[in-house]
Amino acid sequence: MTTVLLLTATGLGVAALYFLVASGLTLIFGLMDVLNFAHGAFVGLGGYVGWTVADRLPGSPGLVLGLLAGVAAGAATAAVTELAVIRPLYGRPLDQVLATVGLGLAIPALLQAVWGADARTWTLPGWLAGTVGLFGARIPSVRFLLIGLAMALLLGLRLLLGRTRAGLVVRAGVEDREMVTALGIDVRRANLAVFALGGAAAGLGGALFGLYQGSVSPGDGTSLLVYAFVVVVLGGAGSITGTALAAVAVGLVQQYADYASASLGDESVVILLAAVLLLRRRNLRGRPA
Amino acid sequence: MSAVEPVNTAANLLELEDVRVRLGGSAILHGVSFTVAAAGVTALLGRNGVGKTTTAKSVLGLYPATGSIRLDGRELIGLPTHAVARLGIGYVPEDRGVFAGLTVAENLRLAEPREQPKAGYPRVYELFPVLEARAAQPAGTLSGGEQQMLAIGRILLRRNRLLVVDEPTKGLSPKVAAEVARALKEVAETVPVLLIEQNLSVVRTLAGQAVVLDTGRVAHRGATRDLLADPARTNALLGVSTARADPVRADTARADARGGTA
Amino acid sequence: MNTLTSTWRRGPLASRWVRAGLVFAVLYALPYSTLRIPGVFDGPLDAPGVLQLLAVCLVFAGLAMSYDLLFGHTGVMSFGHGMFVTGGMYATTILVDHAGFGLWTSAAIGLAVALAAAVVLGAVALRVEGIGFAMVTLAFGQAVAILVVSGSPQLTGGEQGETLDAGAVPAVLSGVRNTANLYWIALAYLAVCALVVWGLAASMPGRVMRALRENERRVEVLGLNPYLFKLLAFVVAGVLAAGGGVVYLLLLGGATPTVSDSNFTLSLLVMAVLGGTGRRWGAMIGGVLYGYAGQSLTRVSGSSAVAGLPGVLRGPLEQPLFLLGAAFVLVVFFAPGGLTGRFGGRMRREEA
């Protein structure tokens, strides 16, 4: 029983990370048809900037400021990417993806140049470093922080998408971008906003991944990105709720399978993906193929 | 945004001159030139695949075109779609362009103008009461006719100088098609309309002028009445005979028009 | 000079097959040359170090061609191509080291396994289109990468990779003195890739694949099933990639998990785009350039000129991937057709 609880908490914690990264990816892809390979770079940058701040300022203030710095770094980089790389290539969708591939290669290399190839240890404040007892299971406190922040993001995104005009534009744009512009709405602003928002979530994800692992390293972004792609495919492009559910499914399956046999976790995620693709005769947009 | 300028009293509101469009390496429009009158309905006719929808989309800036497309003398080519729309061109696309996952109310809210966003609602609800009744329903759950009404009603929230309406009766039962046509007729009393339509009985009731396209070029221009009164010519241009396009037998003509040109 | 260009354009050299034959003949003769190209190569062309570098370039060229069969010719973007390279490489190594099979038997089984895997994985992944397919293949590739690194280290050697049992390698292929033979094997592999890709491109399925790239619906209207032609491209590309894995294995003397990394597949994409996708020589040239740059950028990065730069500049310049990634973005922006598209007006796309 305690094992199940621990596995579930870990699975949900990992799911929270996947959701933070995948939520931006899915909105960017849904709205703009851009598969953003630079998203892993936003994650990595958020992690390193967050670590740098938290490393200078010990304790809880450092942690909070570190997370905020990670968010800001992710958002700023994403906004610059949209303005400087994606927007000039508007109307050349393949080139947009290729350019993000280039960024996805260059930025992590840049991170390595600045912060070195070795992992940097992230020391947690005392209250977060320990574990919490839950029905006899000792669950690391960080997992709760991850889950809480991911749920806050889910709630925030749902409110933003459901209750605001900007969210309305994004939801409509995911369905039919052309028609939104034909109604006199400039989607480019929505593109920029979605990129910045996705980058902010990715930056937070990077910083939290650092807390989760207790360190940051240059490959962090890329390794999270692959699972985030799986989550996007399973959850359906542009669907925040679908992404959240898929993130939970992937996180839990991975942890349970890993417990059954080491390294089975990642394989089972791929099997899950293949099974869903075989059973669901639909394309990524959720429409019947 | 841009204040609506006084309506041009000159005869021509929209002028297309030598409009050419290439898509995926092949030319779709080979120099289309025609004008849309500042009042009433101008029909854009032709068999399937001759470039009617492409013409409509290039007016909206949805396809990259060369040549000239002027609204009241103002060049539209090169403008982004949202800027074209803000100049006062309302667009009802062929597949209606309704956001299926959004509610009816949300579909309408997206189309609200910046100034006086709510001012247009009474008229839209008067024209299409069903939209008010179904406000909270996802647009995807509406019937085809209701979706068409939403697509038209949505753009009427704004003050338009021209409506571009692509096949509004497509796929609708004769009764619903007649209802949509009646609404369009009422709309056209205040706003000029460029109408793409296969249903010749609808064309006959609504359109004063007709432009016929054939493989990316204008094949005929003139009064709709004269065109439809000449069965041989109609048949040559549109592939249907006017005798069977009689309003009474509109539905069969429709079926034939589709079957014959598909 | 004038007669030369006119012979090139109109004479017997105008035939693309004759030209290709000429190029391969020159490549075949390289190990017999003692030519020195200062600044480009460290020694004469017949030096083992130079031949090894050139052989890697040729393997990358073949791999890039196999990738471009999918990406450039068919319009299918896969991010899991490296798994076939991995498959060919590791299947051969494991069969040689742990099952005691001979090298060529193992390689043949490896190719057969890759063929079967390509059919199964392609059949599943092609159920989603476009970008979805890219993500799914990325996930498959990742699964293979994890299997290789942490699946069963006693078979794959984990992160270190697995050295190929030297006893199984024929004498003519081992030792520094026989580097020329390895070079010729790499050249033969590239020739096979070229024959298969060019031959396929000129055939009926190749024309359908090109049509798929331009407009999938037009193909459906003709009553052809796009799925089958994409699967064909996926399988052929996969088997060619597995062959490249085997040749790369011989060059390295062991299997390395770097080929399973998603960055390796991305680098294949970079090669194809750099050279010009869907073109006759594009991917091949891109592969050679990337192979050369990848190996010599490390040299530039570690050179004294870079070491003398201030830290702000030195850091990024010491990262080959940073230079490649940045260069790639520039190519995408300013030379969308790739190098053969931008600078080789005569190298028209395949359909010309």
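Everything quoted here is computed from the prediction, not taken from an experiment. (Residues numbered from 1 in each chain as written. Chains lettered and ligands numbered in written order. Predicted model: local features only at pLDDT ≥ 70, side-chain atom pairs only at ≥ 80, totals over all residues. Heavy atoms only, no water.)

Scanning chain B for helices and strands turns up 11 helices and 10 strands. Looking at the 262 residues of chain B, the share that counts as buried comes to 52%. Working note: accessible area of chain B is about 11,100 Å², and carbon and sulfur atoms make up 52% of it. (Helix = DSSP H or I, 4+ residues; strand = E, 2+ residues; numbered from the N terminus. Buried < 20%, exposed > 50% of the residue type's maximum accessible area, 1.4 Å probe, protein only. Areas by Shrake-Rupley, 256 points an atom, 1.4 Å probe, with all protein chains shown as cover.)

Our focus in this paragraph is the overall build of chain A. When you go through chain A residue by residue, the secondary structure sums to 12 helices and four strands. In summary, chain A has a C-alpha radius of gyration of 19 Å against a globular reference of 19 Å for 289 residues, a match within 12%. Dimensions along the principal axes, computed over C-alpha positions, put chain A at roughly 60 × 45 × 35 Å. Burial analysis of chain A (289 residues in total) assigns 59% to the buried set. (Rg over C-alpha atoms; globule rule 2.2 N^0.38 Å.)

Our focus in this paragraph is the sheet that holds strand 1 (residues 12-23) of chain B. Residue and element names in this part refer to chain B. Read from one edge of the open sheet, four strands run 2-1-4-5, paired in antiparallel fashion. What marks the edges here is a single partner per strand, and that holds for strand 2 (26-37) and strand 5 (74-75). Pairing of strand 4 (residues 65-71) with strand 5, which is carried by two bridges, proceeds in the antiparallel orientation. Paired with R70 across the strands is E75, a residue of strand 5. Helix-sheet contacts for helix 1 (residues 52-59) involve strand 1, strand 2 and strand 4, and the interaxial angle to strand 1 is about 110°. (Pairing = 2+ DSSP bridges. Contact = heavy atoms within 4.5 Å. Axes fitted to C-alpha atoms, helices over the stretch in contact; angles between N-to-C directions.)

The next point concerns the packing of aromatic side chains. All names here are of chain C. The full count for this structure, using the stated rule, is 20 aromatic pairs over all chains. A centroid spacing of 5.5 Å and a plane angle of 80° characterise the contact between F84 and F234, whose relative ring orientation is edge-to-face. Here F84 is found in helix 4 (residues 82-99), whereas its partner F234 is found in helix 11 (residues 226-252), with 150 residues between them in sequence. For the pair F84 and F234, one class covers both residues: buried. Taken together, F60, Y248, F264 and Y290 form an aromatic cluster joined through their ring pairs. (Phe/Tyr/Trp six-rings, centres within 6.5 Å; stacked < 30°, edge-to-face > 60°.)

The next subject is the pairing of strand 6 (residues 89-92) of chain B. Residue and element names in this part refer to chain B. The alternating pattern of strand 6 places I89 and Y91 and G90 and V92 on opposite faces, both of which are buried. Where strand 6 lies against strand 7 (residues 162-166), four bridges are found, and the strand directions are parallel. Paired with Y91 across the two strands is V164, which belongs to strand 7.

As a further point, take the interface of chain A and chain C. At the interface, 40 residues of chain A touch 38 residues of chain C. Roughly 3,500 Å² of surface becomes buried between chain A and chain C when both sides are summed, with 80% attributable to carbon and sulfur atoms. Of all residues in chain A, A:L98, A:L105 and A:L277 bury the most surface against chain C, accounting for 17% of the area lost on that side. Run the count over chain A and chain C and you get zero salt bridges. Scanning the region where chain A abuts chain C turns up one residue pair in polar contact (both at pLDDT 80 or more). If one sorts the elements of the side of chain A that touches chain C by residue count, helix 4 (residues 93-115) of chain A sits on top with 14 residues. Taken together, the residues of the side of chain A that touches chain C sort by class into 30 nonpolar, four polar and six charged. (Buried area = accessible area lost by both parts, 1.4 Å probe. Salt bridge = Lys/Arg side-chain N within 4 Å of Asp/Glu carboxyl O. Polar contact = N/O pair within 3.5 Å; in protein donor to acceptor, adjacent residues only side chain to side chain. Nonpolar A, V, L, I, M, F, W, Y, C, P; charged D, E, K, R; others polar.)

A word on the packing of helix 1 (residues 2-32) of chain A against helix 11 (residues 240-260) of chain A. The relative placement of two packed helices is expressed as an angle between their axes plus a distance between the axes. Residue and element names in this part refer to chain A. At a minimum axis distance of 7 Å, the contact between helix 1 and helix 11 shows a crossing angle of 140°. What the angle tells us is that helix 1 and helix 11 run oblique. With respect to the hand of their crossing, helix 1 and helix 11 are arranged in right-handed fashion. Residues of the contact of helix 1 with helix 11, tallied by class, amount to 17 nonpolar, 10 polar and no charged. (Parallel < 35°, antiparallel > 145°, perpendicular 65-115°, else oblique. Left-handed = near helix turned anticlockwise from the far one by under 90°.)

The terminal C-alpha atoms of helix 6 (residues 130-151) of chain C, which comprises 22 residues, lie 30 Å apart, in line with the 32 Å expected from a rise of 1.5 Å per residue. Summarising burial for helix 6 of chain C: 16 of the 22 residues are buried, a large majority. (Expected span 1.5 Å × (residues − 1).)

All names here are of chain A. In this structure's numbering, the residues bearing the UniProt feature "transmembrane region" (unreviewed entry) are residues 6-27, 34-51, 63-85, 97-115, 144-161, 192-212 and 224-253. Taken end to end, residues 63-85 is 100% helix and 0% strand, and its first and last C-alpha atoms sit 32 Å apart. Secondary structure within residues 192-212 divides into 100% helix and 0% strand; the distance between the first and last C-alpha atoms comes to 30 Å. (UniProt positions renumbered as here; feature names shortened; annotations may be inferred.)

With that out of the way, let us pick up a nonpolar patch on the surface. Where nonpolar side chains cluster on the molecular surface, the patch consists of A:L57, A:V64, A:L65 and A:L68 and spans about 340 Å² of accessible area. Position of A:V64 relative to the elements: it lies in helix 3 (residues 59-86). (Patch = residues over 30% accessible without salt bridge, like charges linked within 9 Å, V, L, I, M, F, W, Y side chains within 5 Å.)

A word on the pattern of salt bridges. Summed over the entire model, instances satisfying the criterion amount to 14 salt bridges over all chains. The partner of A:E82 in a salt bridge is A:R87, with the nearest N and O atoms 3.2 Å apart. Judged by its relative accessible area of 2%, A:E82 falls in the buried class. A:R171 is the partner of B:E106 in a salt bridge, and the nearest nitrogen-oxygen pair spans 2.8 Å. Of this pair, B:E106 sits in helix 3 (residues 104-110) while A:R171 sits in helix 7 (residues 165-175), on two different chains. Among the charged side chains, a network of salt bridges with common partners joins B:E15, B:E17 and B:R70.

In this section: the environment of B:R161. Residues and elements named next belong to chain B. Structurally, R161 can be placed in the loop between helix 6 (144-155) and strand 7. The class of R161 is buried, set by a relative accessible area of 7%. Separated by 72 residues in the primary sequence, R161 and I89 place their C-alpha atoms 6.0 Å from one another. A polar contact of 2.4 Å, which involves the side chain of R161, links it to the side chain of D72.

Our next topic: a positive patch on the surface. Taken together, the side chains of A:R165, A:R189, B:R109 and B:R114 present a region of like positive charge at the surface. Topologically, A:R189 is positioned in helix 9 (residues 187-213). Owing to a relative accessible area of 57%, A:R189 belongs among the exposed residues under this scheme. (Lys, Arg positive; Asp, Glu negative; His and termini not counted. Charge placed at Lys NZ, Arg CZ, Asp CG, Glu CD.)

Time to look at the side chain of A:D220. Residues and elements named next belong to chain A. On the secondary structure map, D220 appears in helix 10 (residues 220-235). Summary of buried charges: D220 has no salt-bridge partner, and the nearest side chain of opposite charge, R120, is 11 Å away. A polar atom in the side chain of D220 sits 3.4 Å from the side chain of Q213. If sequence neighbours within four positions are ignored, D220 has contacts with F209, Q213 and S215.

To continue, consider the environment of C:G158. Residues and elements named next belong to chain C. The residue G158 is located in the loop between helix 7 (153-156) and strand 1 (162-163) in this model. Each C-alpha atom of the pair G158 and P257 lies 7.7 Å from the other, and the pair is 99 residues apart in sequence. Look past the residues within four positions of G158 in its chain and what remains in contact with it is V148, V149, P153 and P257.

Here we take up the pairing of strand 4 of chain B. All names here are of chain B. Two strands pair when backbone bridges link them, and strand 1 and strand 4 are joined in this way by six bridges, in the antiparallel orientation. Considered in strand 4, the bridge of R20 is made with T66. From the end of strand 4 to the start of strand 5, which pair antiparallel, there are two residues, and D72 there has a positive phi angle of about 55°.

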